[in-house]
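Take a look at the letters that make up each chain.
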Amino acid sequence: MIGLISATAAGAAARDRLAAAWPDRTRVYDGPVREAVRSAFAECDRLVCFLATGATVRLLAPLLDDKATDPGVVCVDEGGRFAVSLVGGHGGGANELAREVGALLGAEPVVTTATDAVGLPGLDTLGFPAEGAVAAVSRALLDGEPVALEADFAWPLPPLPFAGAAGSAHVVRLTDRAVGAGPGEVLLRPPSLVVGVGASRGVPAEEVIALVEGALADAGLSAASIAHLATVDAKADEAGVVEAARHLGVPLVTYPAGELAAVEVPNPSGAPLAAVGTPSVAEAAALLGGGELLVPKRKSERADGTPAMATCAVVRRPGRGRLAVVGLGPGARDLLTPRAEAELRGAAVLVGLDQYVDQIRDLLRPGTRVLESGLGAEEERARTAVAEARRGRTVALIGSGDAGVYAMASPALAEASDDIDVVGVPGVTAALAAAALLGAPLGHDHVSISLSDLHTPWEVIERRVRAAAEADIVVTFYNPRSRGRDWQLPKALGILAEHREPVTPVGVVRNASRPDGTTRVTTLAGLDPASVDMMTVVTVGNTATRLIAGRMVTPRGYRWQEETP
């Protein structure tokens, strides 16, 4: 919950805007400011104070205890110009809250945390526990000192400028082993362990907890790396199992007995088969989804010698690589979506055409490895991106416009299998960017057709153009003409001319949205194909498309055409 505190009418107005926008996330604290801050600090995990920073600091000072547990605090000035991350930038979530508040109120977020200021992700903000010399190693990364990464297994990480070798004074070790951090070392605990649990009805939570913690300790594994407990659906409401998951601070995931029965396990048993319909619960629930069985099924031990009421097994699941296929839009920076920008900043590996990499190089964080190549290497880039993701890395594969439209998504997804996570990030296509400049030419059914016959036989392209012409569909031509392909566009226009009047509006947009872009409207008869190149998209209207005040407009229906004299 986010506590909102204000002292003036202007502050209250901004406060109420936040409260209205986030009704389920916020709570307004009225009354004397000192008491309001004290109550909110005790009851909320984050605060937004519409007060002067000095006053906020004095009010907070007696309340501060530990940065690991104190709520994050954002301070917004009287004029609503700045949202300052004041306390708990990382651990308390104030940095991200300052950005959210700034976006909503039109204020400039002010973040002074060193790693955020230079674009480095904080070691304690990676989404899993970090132990050891976090401050010292973070400072070494900031100062450009060599920091080595030692990983017991592959796991996707954001970009970090690791450059050290064995024996470096500063080390980041990614492990789920129960080891302590040495001098100058940070231990990252990824959620790599899945603990399968089987239980009899009425099992005490203490028995499950002791079993799990004992199994981990005997195997030399850290409880901080448990991703979740897993069991059969029939035990979803078993109080002892539910309480054990709560005690360990992890989710409880359940599966149908039929799914568990299909998992091959080393130690099947007739008892769970008779009880819940699967020969294995603990091992099957841990192994479902793959991984390495580190701790085979073991039973709990009871001091009174009565039969065990719980079983568990532990599996290490490999970190799944992540491939984001990112559309950069038509070129203008303000048409690059926030989601695309976030993916670029979070990618440890960027793969793309060299000229597209140049467009967004300034957005990349220190430590991002860039793999760029020239024109004509689309399949190679797709294979490279997928291979990097299969190595457990966080990868962004970029394309212009929307990566799924004549770009990198299709070759990448043809190469990828279900062993990696794939995320598509949409972008503004060239057709849409051009249409916005032309007016509203795509107001009714429309189709995009590439006139390049490098990958598609011309006979197929011609059949598609003819179908669009006969169906009276607005057509946008991609790749309309190059020095080596100068006859396809006239041929396509000729096919359209068999079904549309010579005065049919045609829009010609080159480098849509870019500073050197040009936009013009002509007619089907008046278009000179020689004025078109590969940086141009050509949009041909249908029989209802009209020019209104110099803009192409295609109505959503045909009644307008029927009513026009």
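Presented here is a report on the structure given in the accompanying data block. If you're wondering where the values come from, they're calculated on a predicted model, not measured in any experiment.

Burial within strand β24 (residues 505-510) is extensive, with 5 of its 6 residues counted as buried. Relative to strand β25 (residues 518-523), β24 runs antiparallel, the two sharing 6 bridges. What sits directly across from V508, in β25, is R520. Inspection of the sheet shows β24 paired to strand β26 (residues 536-540) by 5 bridges, in the antiparallel sense.

Moving on: the nonpolar core. If you look at the biggest cluster of nonpolar residues, it comprises 25 residues, and the most contacted ones within it are V195, V212, I226 and L229. Of all the secondary structure elements, the ones that give two or more residues to this core are β11 (193-199), α7 (205-219), β12 (226-232), α8 (239-248) and β15 (310-316). Here this core gets 7 residues from one element, more than from any other, and that element is α7. If we skip the residues at most four places from it in the chain, I226 touches L193, V195, V212, L216, L248 and V250.

Below, the discussion takes up the sheet that holds strand β27 (residues 546-548). What links the strands of a sheet is backbone hydrogen bonding, and the strands pair in either a parallel or an antiparallel sense. Taken together, 3 strands build an open sheet; the order of strands is β21-β28-β27 and the sheet is mixed. Two strands bound the open sheet, and with one partner strand each, they are β21 (439-440) and β27. One ladder, built from 3 bridges, connects β27 with strand β28 (residues 551-553); its direction is antiparallel. Note on β28: the bridge partner recorded for R546 is V553.

Looking now at helix α4 (residues 94-105). One turn of an α-helix holds 3.6 residues; hence residues three or four places apart share an orientation. With 12 residues, α4 ought to run about 16 Å at 1.5 Å a step, and its terminal C-alpha atoms sit 16 Å apart, in line with that. For α4, every residue scored as buried is listed here: A94, N95, L97, A98, V101, G102 and L105. Mapping the buried residues of α4 onto a view down its axis gives an arc of 160°, with all of them on the same face. Looking one or two residues beyond α4, the residue adopting positive phi is G106, at roughly 75°.

This part takes up the pattern of salt bridges. This model, assessed by the stated rule, comprises 29 salt bridges. Where R361 meets D358, a salt bridge forms, and the shortest distance between an N and an O atom there is 2.7 Å. Here E388 ties to R391 by a salt bridge, and the two come within 3.0 Å at their closest N and O atoms. The class for R391 is partly exposed, based on a relative accessible area of 45%. Overlapping salt bridges, with partners in common, bring together R369, E388, R391 and R393 in one network.

With that settled, the discussion passes to the environment of A340. Note that A340 resides in helix α12 (residues 338-346). In sequence terms A340 and A148 are 192 residues apart; their C-alpha atoms lie 29 Å from each other. Aside from chain neighbours lying at most four places away, what touches A340 is V326, G327 and V425.

The next thing to look at is the packing of helix α17 (residues 458-470) against helix α18 (residues 488-497). Relative to each other, α17 and α18 sit at 30°, their axes nearing to 9 Å. Regarding the angle of α17 to α18, the classification is roughly parallel. At the point where α17 passes α18, the crossing takes the right-handed sense. Judged by residue contacts, W458, E462, V465, R466 and A469 of α17 engage Q488, K491, A492, I495 and L496 from α18.

The subject of this paragraph is the packing of aromatic side chains. Summed over all chains, the structure comprises 3 aromatic pairs. Aromatic side chains W458 and W487 sit 5.0 Å apart centroid to centroid with 70° between the ring planes, which places their arrangement in the edge-to-face category. Pair noted here: W458 is in helix α17 and W487 is in the loop between β23 (474-478) and α18, with a separation of 29 residues, a long-range link.

Rules of the game
- Residues numbered from 1 in each chain as written.
- Predicted model: local features only at pLDDT ≥ 70, side-chain atom pairs only at ≥ 80, totals over all residues.
- Heavy atoms only, no water.
- Buried < 20%, exposed > 50% of the residue type's maximum accessible area, 1.4 Å probe, protein only.
- Helix = DSSP H or I, 4+ residues; strand = E, 2+ residues; numbered from the N terminus.
- Pairing = 2+ DSSP bridges.
- Core = buried A, V, L, I, M, F, W, Y, C linked by side-chain atoms within 4.5 Å.
- Contact = heavy atoms within 4.5 Å.
- Expected span 1.5 Å × (residues − 1).
- Arc of directions from axis to C-beta.
- Salt bridge = Lys/Arg side-chain N within 4 Å of Asp/Glu carboxyl O.
- Axes fitted to C-alpha atoms, helices over the stretch in contact; angles between N-to-C directions.
- Parallel < 35°, antiparallel > 145°, perpendicular 65-115°, else oblique.
- Left-handed = near helix turned anticlockwise from the far one by under 90°.
- Phe/Tyr/Trp six-rings, centres within 6.5 Å; stacked < 30°, edge-to-face > 60°.

Honestly, it's all geometry; don't read function into it.
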